[in-house]
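# Per-entry structural report
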Amino acid sequence: MSRSAHPAGPRHADVLPEGHYTAPPTDLNALDPKVWAQTVTRTPDGVVTVGGMEVTKLAEEFGTPAYFIDETDFRARARAWRTAFGHDADVFYAGKAFLSRAVVRWLHEEGLNLDVCSGGELSTALSAGMPADRIAFHGNNKSTDEITKAIESGVGRIVLDSFQEIVRVAHIAESLGKRQRVQIRVTVGVEAHTHEFIATAHEDQKFGIALADGQAAEAVRRALALDGLELVGIHSHIGSQIFDMAGFEVAARRVVKLLAEVRDEHGVELPEIDLGGGLGIAYTSEDDPREPHEIAKALSEIVTRECEAARLGTPRISVEPGRAIVGPTAFTLYEVGTIKPLDGLRTYVSVDGGMSDNIRTALYDAEYSVALVSRVSDAEPMLARVVGKHCESGDIVVRDAFLPADLAPGDLIAVPATGAYCRSMASNYNHALRPPVVAVRDGEARTIVRRETEEDLLRLDVG
Ligand SMILES: *Cc1c(COP(=O)(O)O)cnc(C)c1O
């Protein structure tokens, strides 16, 4: 089965992906807790509920398509990360996975910090009361305005991504009469995706400054020399949807080696090391993600061991999970529209959303699960492909899925694990109205991001 998390573009093959499990699941009505949010369950009469609310009622009240986020689960996951890393480490939620003001408040209340990578994300965070010193600002091409705003508002750190930015941030900080805490993002020559990592000599990508050829060491030299900067650490982010800790191990070893070189050259022990995010979640029952406490233990052991070997004090570790916190906490609810059985191939099930609310399948060949949620069914499993309503044949939500053969227009189906990189990457393609995000908790549902309206679309179109 395809597990590439990197650009592959839409595939149009009419055969099952290689190695795909062709056997349908034994129980089509089952909801695997690995892929569904914590409070999701089925009532005795077969309707799926989240936070004690039936999806049929939710669809009536909020319409479809819509994202429903299990607030209890979100808070529990945020807390689990926080607790796992304890007081000697910091957890920065990667806002790009999904950010709204409600989410910022939950994070604040649960004691997490926040990564942003644009002026818009920064504004959202500040407007919801996240203390600026708990915000880190990322990005490979921050604008002067963004840098100015970040420094003026007092963000806890800016992660420097290029030689030009070292000078730019220093200059802006000095002109504002400030000294900005910064980290330098390095590329460690490790690329990790899903179950594999590749150690490469050179990083052919846009982020960070290469450790290779002494470039990162030179960046440290320059940053230390500038009055506007307080260099506090080194940052590395190696990929996404990672299950294997080996990539982090190599990354940590290489970053610690740089810390030792910095100490030898400048007599400075940089106090922080950030190992980024990228921890995987279960999109299907085949995926086996690790628990936060296992990850925390593994990372802290790796860093401690490497630092001992280099005779360095252990720096303060930080991590930046996005997907691993919000991904599993939400599902997208769709209404089934047209159903097209293609003899000998599969049945195309069209829903009222598509690539405008979930681009990940088209963009990364991502895999998802799907279930009939408005009722149970005893019908035979049918090999299906869940597709959207957009004018594009790559508009696929779930490439290979089994749904009951009696599926009918008007049924509700839900795609779990859509909390990360779905609403945040949603588009208006075909002038689709981006769906709302509804938070559900203890028998109550409330919109935290409302559905777009045609008025919203027309407001931007000034004629
Ligand atoms: C995207 C990103 C993250 C979060 O990645 P997830 O896969 O959502 O955990 C963390 N840090 C940086 C720098 C990123 O770019």
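Residues numbered from 1 in each chain as written. Predicted model: local features only at pLDDT ≥ 70, side-chain atom pairs only at ≥ 80, totals over all residues. Heavy atoms only, no water.

For the chain, an unreviewed UniProt entry supplies the name Diaminopimelate decarboxylase and the organism Streptomyces montanus. What the UniProt record of the chain gives under Sequence similarities (unreviewed entry) is the line "Belongs to the Orn/Lys/Arg decarboxylase class-II family. LysA subfamily." One UniProt comment on the chain, placed under Catalytic activity (unreviewed entry), says "meso-2,6-diaminopimelate + H(+) = L-lysine + CO2". (UniProt positions renumbered as here; feature names shortened; annotations may be inferred.)

Strand-to-strand pairing in sheets goes through backbone hydrogen bonds, with the strands running parallel or antiparallel. Reading across from one edge, 11-10-14 is the order of the three strands in this open sheet, with mixed pairing throughout. Edge positions in the sheet fall to strand 11 (196–199) and strand 14 (239–242), since each has one partner strand and no second. Between one strand and the next, the sheet's axes are offset by a mean angle of 25°, whatever the strand orientation. Relative to strand 11, strand 10 (residues 190–194) runs antiparallel, the two being bridged by four bridges. Pairing of histidine 193 across the sheet is with glutamate 196, part of strand 11. (Pairing = 2+ DSSP bridges. Helix = DSSP H or I, 4+ residues; strand = E, 2+ residues; numbered from the N terminus. Axes fitted to C-alpha atoms, helices over the stretch in contact; angles between N-to-C directions.)

This part takes up the site of the ligand. Near the ligand lie 15 residues; those nearest to it are Lys96, Gly278, Glu320, Arg323 and Tyr421. Between the ligand and tyrosine 421 there is a distance of 2.6 Å, counted from an oxygen atom to a side-chain nitrogen or oxygen. Its free accessible area being 390 Å², the ligand has 92% of it covered by the protein chains. For the shell around the ligand, a count of residues per class yields three nonpolar, seven polar and five charged. (Near = heavy atom within 4 Å. Polar contact = N/O pair within 3.5 Å; in protein donor to acceptor, adjacent residues only side chain to side chain. Areas by Shrake-Rupley, 256 points an atom, 1.4 Å probe, with all protein chains shown as cover. Nonpolar A, V, L, I, M, F, W, Y, C, P; charged D, E, K, R; others polar.)

Relative to strand 16 (residues 316–319), strand 5 (residues 89–94) is paired through three bridges, and the arrangement is parallel. Paired with valine 91 across the strands is valine 319, a residue of strand 16. Of the pairings in the sheet, the one linking strand 15 (residues 272–274) to strand 16 comprises three bridges and is parallel in character. Looking at the pairing, isoleucine 273 lines up with isoleucine 317 of strand 16.

This part covers the pairing of strand 20 (residues 381–387). The buried fraction of strand 20 is high, at five of seven residues. Direction of pairing for strand 18 (residues 346–351) relative to strand 20: parallel, over a ladder of four bridges. Within the sheet, the bridge partner assigned to threonine 347 lies in strand 20 and is alanine 384. When strand 20 meets strand 21 (residues 396–404), the two strands line up antiparallel, connected through six bridges. Among the inter-strand pairings, methionine 382 is bridged to a residue of strand 21, identified as leucine 403. (Buried < 20%, exposed > 50% of the residue type's maximum accessible area, 1.4 Å probe, protein only.)

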